[in-house]
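Fold and geometry: a report
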Amino acid sequence: MKRFIQKTVALLAMAVLGGVVAAPQAEAAKRPNVVFIFTDDHSAHAISSYGSRINKTPHIDRIAHEGMRFKKCYVTNAICGPSRAVILTGKHSHLNGFMRNGGTPFDGSQQTFPKLLRKAGYETAMIGKWHLKSVPTGFDHFDVLIGQGPYYNPPMRTTDAAGEVVVEKNVGYTTDIITDKGLDWLKNEREGDKPFMLMLQHKAPHRNWQPGPAHLNTFDGVEIPEPETLWDDYSGRTKAAANQTMTIARHLSANDLKLNAGPNNLTPEQKKLWDAAYGPKNEAFRKANLQGRERIKWMYQRYIKDYLRCVQSVDDGIGRVLKYLDDTGLAKNTIVIYSSDQGWYLGEHGWYDKRWMYEESLVMPFVVRWPGVIEPGSINDDIVSNLDFAETFLDIAGAQIPGDMQGRSLLPLLKGDTPSDWRKTFYYHYYEFPGAHSVARHYGVTDGNYKLIHFYQNEDWEMFDLTADPNELQSIYGRSEFAGIQSRLGEELKRLRAHYKVPEQDPENIRPNQRRNRQNNRKK
Ligand code: CA
């Protein structure tokens with residue numbers, strides 16, 4: 001209640017003053033910079049500080065070890081564009097309007113945190129993957145991939161000296177180019193006297209996982225451990241889990257597996273390296289003529305190695321950014337964050353991709369370094385979310401947090417002081433069905449120990465005991481011994497839907513995307 005009154009007073013003050021007043025310059029100089037490094041589809045369990053069994057990410061680990069690692073950062077809607085829209089607005093998908101990748105473009109005229117940060121005296125830049133279809137708003141500078149963007153030689157959209165949007169060509173590996181552009185902005189392009197917010201957003205390690213020249217042969221000769229649930233038969237859940245189309249066994253294309261001619265946009269030098277890497281490996285695969293499980297095991301190895309190779313380039317780039325911050329002394333007053341738009345399946349349940357409320361895709365990696373404020377080596381297990389990022393950035397900048405944002409500033413948590421009324425439960429909602437990978441629409445609630453999921457188009461329910469069954473293989477929905485928990489979570493789900501103003505019926509703009517569906521059918 002106290003917070004509500006504070007917010008109300010603040011809103012009234014804002015209304016009277018007609019907007020957020022920029023802090024005086026001297027005070028502004030002391031406020032920390034933020035470098036927000038963000039990737040697409042990087043699962044926390046492919047980060048060594050999160051306990052990865054399959055790779056090492058020394059530079060992301062460094063951020064975690066010198067700062068705070070969040071164990072339960074949950075995404076509200078586990079898919080690329082919607083996650084980004086939530087981050088920009090601090091509002092759930094049904095309010096910011098970007099509910100699915102295949103829907104309408106992000107409405108950039110709405111309130112977003114970069115706009116508010118600018119008003120508060122921050123210089124803002126967005127470099128890399130934007131993925132919201134519309135032209136970025138709220139940034140002093142942007143240089144973004146067009147749509148998904150390719151892994152090599154990406155055209156990027158930026159503005160020229162006259163402020164007109166133009167497309168520029170680039171030659172090189174996209175992850176390296178985005179890192180270079182971020183460093184170039186830090187070194188040469190920002191004004192320098194203002195605190196800044198740099199959003200450095202990679203395409204990697206999004207499908208179809210094309211490694212860069214530096215890592216084309218990383219993991220050669222290494223057997224990556226298989227996940228426990230690679231051979232899941234989905235028997236313990238509703239039919240939703242069985243009906244998807246994201247299995248390693250049946251839904252990876254020749255393009256995904258690098259069994260075709262390779263990317264068609266490489267320079268001759270790049271093509272030479274590519275063919276030298278994949279040619280002999282593919283030849284050996286063809287000769288082996290693997291069948292059945294042996295063939296699927298090979299496909300898992302090919303998939304996971306390419307994914308991890310893409311991650312290694314991201315980690316290398318983070319190392320370069322951290323070194324630059326060290327070398328220039330900027331590190332001292334710069335918050336460095338690493339996160340990714342959702343989690344991802346690294347063969348768990350036999351899958352690649354995301355979308356589900358199950359743990360692997362629900363959990364976002366989220367590590368934050370803030371010298372002098374965050375106790376190094378901290379681990380936080382409160383329930384936090386991408387819904388909280390906008391509020392946190394505004395709070396860090398000393399700007400007002402608008403009352404219609406739905407998350408909450410993480411500033412007290414970063415200082416090691418979680419408020420006693422911090423959220424104990426979390427609301428999730430995925431909408432993109434029909435759509436790519438055929439994952440049924442669902443919403444649900446979790447308290448971190450139990451999870452209740454409603455596949456509402458079929459009136460199917462699942463519930464999991466995350467302690468006894470961390471892999472979520474056996475739904476306990478409807479079992480009498482869990483009736484009390486089921487009832488409590490059911491009530492909480494209703495309360496959260498009302499609290500977040502979720503409409504009873506999905507909004508009109510969720511329609512099957514015919515073009516996308518046709519493309520998917522062709523791929524099969
Ligand atoms: Ca994504």
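Here the structure is shown first, and the text comes after it.
Calculation notes
- Residues numbered from 1 in each chain as written.
- Predicted model: local features only at pLDDT ≥ 70, side-chain atom pairs only at ≥ 80, totals over all residues.
- Heavy atoms only, no water.
- Helix = DSSP H or I, 4+ residues; strand = E, 2+ residues; numbered from the N terminus.
- Rg over C-alpha atoms; globule rule 2.2 N^0.38 Å.
- Buried < 20%, exposed > 50% of the residue type's maximum accessible area, 1.4 Å probe, protein only.
- Contact = heavy atoms within 4.5 Å.
- Areas by Shrake-Rupley, 256 points an atom, 1.4 Å probe, with all protein chains shown as cover.
- Polar contact = N/O pair within 3.5 Å; in protein donor to acceptor, adjacent residues only side chain to side chain.
- Donors = N, O, S within 2.8 Å, 3.2 Å for Na, K, Ca; no water.
- Tetrahedral: all angles 85-135°; square planar, octahedral: opposite > 155°, others 65-115°.
- Pairing = 2+ DSSP bridges.
- Axes fitted to C-alpha atoms, helices over the stretch in contact; angles between N-to-C directions.
- Expected span 1.5 Å × (residues − 1).
- Salt bridge = Lys/Arg side-chain N within 4 Å of Asp/Glu carboxyl O.
- Phe/Tyr/Trp six-rings, centres within 6.5 Å; stacked < 30°, edge-to-face > 60°.
- Parallel < 35°, antiparallel > 145°, perpendicular 65-115°, else oblique.
- Left-handed = near helix turned anticlockwise from the far one by under 90°.
- Nonpolar A, V, L, I, M, F, W, Y, C, P; charged D, E, K, R; others polar.

Time to look at the overall build of the chain. Broken down by element type, the chain carries 15 helices and 16 strands. Over its C-alpha trace the chain gives a radius of gyration of 23 Å, about what one expects of a compact globule, namely 24 Å for 524 residues. With respect to the principal axes defined by its C-alpha atoms, the chain has extents near 70 × 65 × 45 Å. Burial statistics for the chain: of 524 residues in total, 60% are counted as buried. Long-range contacts, defined here as pairs at least 24 residues apart, represent 69% of the contacts in the chain between residues at least 6 apart. For the chain, the computed accessible surface area is about 21100 Å², with 52% contributed by carbon and sulfur atoms.

In this section: the environment of aspartate 160. Relative to the elements of secondary structure, aspartate 160 occurs in the loop between strand 6 (156-159) and strand 7 (165-168). Accessibility expressed as a relative area gives 32% for aspartate 160, which makes it partly exposed. With 257 residues separating them in the primary sequence, aspartate 160 and aspartate 417 have C-alpha atoms 45 Å apart. Here alanine 162 takes part through its backbone nitrogen, which lies 3.0 Å from a polar atom of the side chain of aspartate 160.

Protein coordination at the calcium ion comes from Asp40 (OD), Asp41 (OD), Cys80 (SG), Asp341 (OD), Asp341 (OD) and Gln342 (OE1), with a distance range of 2.1 to 2.6 Å. Geometry at the calcium ion is irregular, judged from its 6 donor atoms and the angles of 52 to 166 degrees they form at the metal. Written as a sequence motif, the donor arrangement for the calcium ion is D-D-x38-C-x260-D-Q. Comparing aspartate 40 with aspartate 41, the two get one shared label, buried.

Turning our attention to the sheet that holds strand 16 (residues 460-465). Strand order across the open sheet formed by 4 strands is 13-14-15-16, with antiparallel pairing between neighbours. If you trace the sheet from one side to the other, it starts and ends with strand 13 (426-430) and strand 16, each paired once. Direction aside, the axes of adjacent strands within the sheet are offset by 15 degrees on average. Relative to strand 15 (residues 450-455), strand 14 (residues 442-446) runs antiparallel, the two being bridged by 4 bridges. In the strand pairing of strand 15, threonine 446 is matched with lysine 451.

What follows concerns helix 10 (residues 292-328). Taking 1.5 Å as the rise per residue, helix 10 with 37 residues should run 54 Å; its terminal C-alpha atoms sit 55 Å apart, in good agreement. In terms of burial, helix 10 is largely enclosed, as 26 of its 37 residues are buried. Directly beyond the C-terminal end of helix 10, a positive phi value near 80 degrees is found at glycine 329.

On to unusual backbone geometry. Between arginine 207 and the following residue, asparagine 208, the backbone shows a cis peptide bond with an omega angle of 10 degrees. Tracing the sequence through the fold places asparagine 208 in the loop between strand 8 (196-201) and helix 8 (239-243). For the bond from phenylalanine 433 to proline 434, the omega torsion is 0 degrees, close enough to zero to count as cis. Tracing the sequence through the fold places proline 434 in the loop between strand 13 and strand 14.

This part covers the pattern of salt bridges. One side chain can pair with another of opposite charge once the charged atoms of both are near each other. Counted according to the given criterion, the structure contains 33 salt bridges. One salt bridge connects aspartate 404 with lysine 91, and the closest N-O pair in it is separated by 3.1 Å. With aspartate 404 in the loop between helix 12 (389-396) and helix 13 (411-414) and lysine 91 in the loop between helix 4 (80-89) and helix 5 (93-96), this residue pair connects regions lying 313 residues apart in the sequence. Residue classification places lysine 91 among the buried positions, given a relative accessible area of 12%. Counted as one network, the salt bridges with shared partners bring together Asp220, Lys258, Lys281, Asp306 and Arg309.

Another point: the side chain of serine 134. Its location among the elements puts serine 134 in the loop between strand 4 (123-128) and strand 5 (141-145). Sequence-distant contacts of serine 134, defined by excluding residues within four places in its chain, comprise Pro105, Phe106 and Gly108.

Time to look at the packing of aromatic side chains. Applying the stated criterion across every chain yields a total of 34 aromatic pairs. Aromatic pair phenylalanine 113 and phenylalanine 393: ring centres 4.9 Å apart, planes at 45 degrees, arrangement tilted. With phenylalanine 113 in helix 6 (residues 113-119) and phenylalanine 393 in helix 12, the pair connects residues that are 280 residues apart, well separated along the chain. You can call phenylalanine 393 buried: its relative accessible area is 3%. Measuring from ring centre to ring centre gives 5.2 Å for tryptophan 356 and tyrosine 358, while their planes differ by 15 degrees; the resulting arrangement is stacked. For the pair formed by tryptophan 356 and tyrosine 358, the shared burial category is buried. Clustering of aromatic rings is evident, with ring pairs tying together Phe36, Phe38, Phe70, Phe113, Phe366, Phe389 and Phe393.

Let us look at the sheet that holds strand 11 (residues 378-380). Spatially, 10 strands are ordered 7-6-5-4-8-1-9-10-2-11 in an open sheet, and the strand pairing comes out mixed. Looking at strand neighbours, the two that pair on one side only are strand 7 and strand 11, the edges of this open sheet. Across the sheet, the axes of successive neighbouring strands diverge by a mean angle of 15 degrees, strand direction being ignored. Taken together, the 6 bridges between strand 4 and strand 8 define a ladder with parallel strand orientation. What sits directly across from glycine 128, in strand 8, is glutamine 201. Sitting on the sheet, helix 7 (residues 174-189) is in contact with strand 4, strand 5, strand 6 and strand 8, with an inclination near 160 degrees to strand 4.

Before going further, it helps to spend a moment on the packing of helix 7 against helix 10. The description of two helices packed together rests on the angle between their axes and the distance between the axes. Axis separation between helix 7 and helix 10 bottoms out at 9 Å; the angle between their running directions is 15 degrees. Here helix 7 lies roughly parallel to helix 10, going by the angle between them. Here helix 7 and helix 10 pass one another in a crossing that is right-handed. Contacts from Thr175, Asp176, Thr179, Asp180, Leu183, Leu186 and Lys187 of helix 7 reach helix 10 at Ser313, Val314, Gly317, Arg320, Val321 and Tyr324. For the contact of helix 7 with helix 10, a count of residues per class yields 5 nonpolar, 4 polar and 4 charged.

Right, let's get into the environment of leucine 466. Tracing the backbone shows leucine 466 in the loop between strand 16 and helix 14 (483-499). Sequence spacing of leucine 466 and threonine 446 is 20 residues, and the spatial spacing of their C-alpha atoms is 9.6 Å. Among all residues touching leucine 466, those that are not within four sequence positions of it are Glu359, Thr446, Gly448, Asn449, Tyr450, Lys451 and Glu472.

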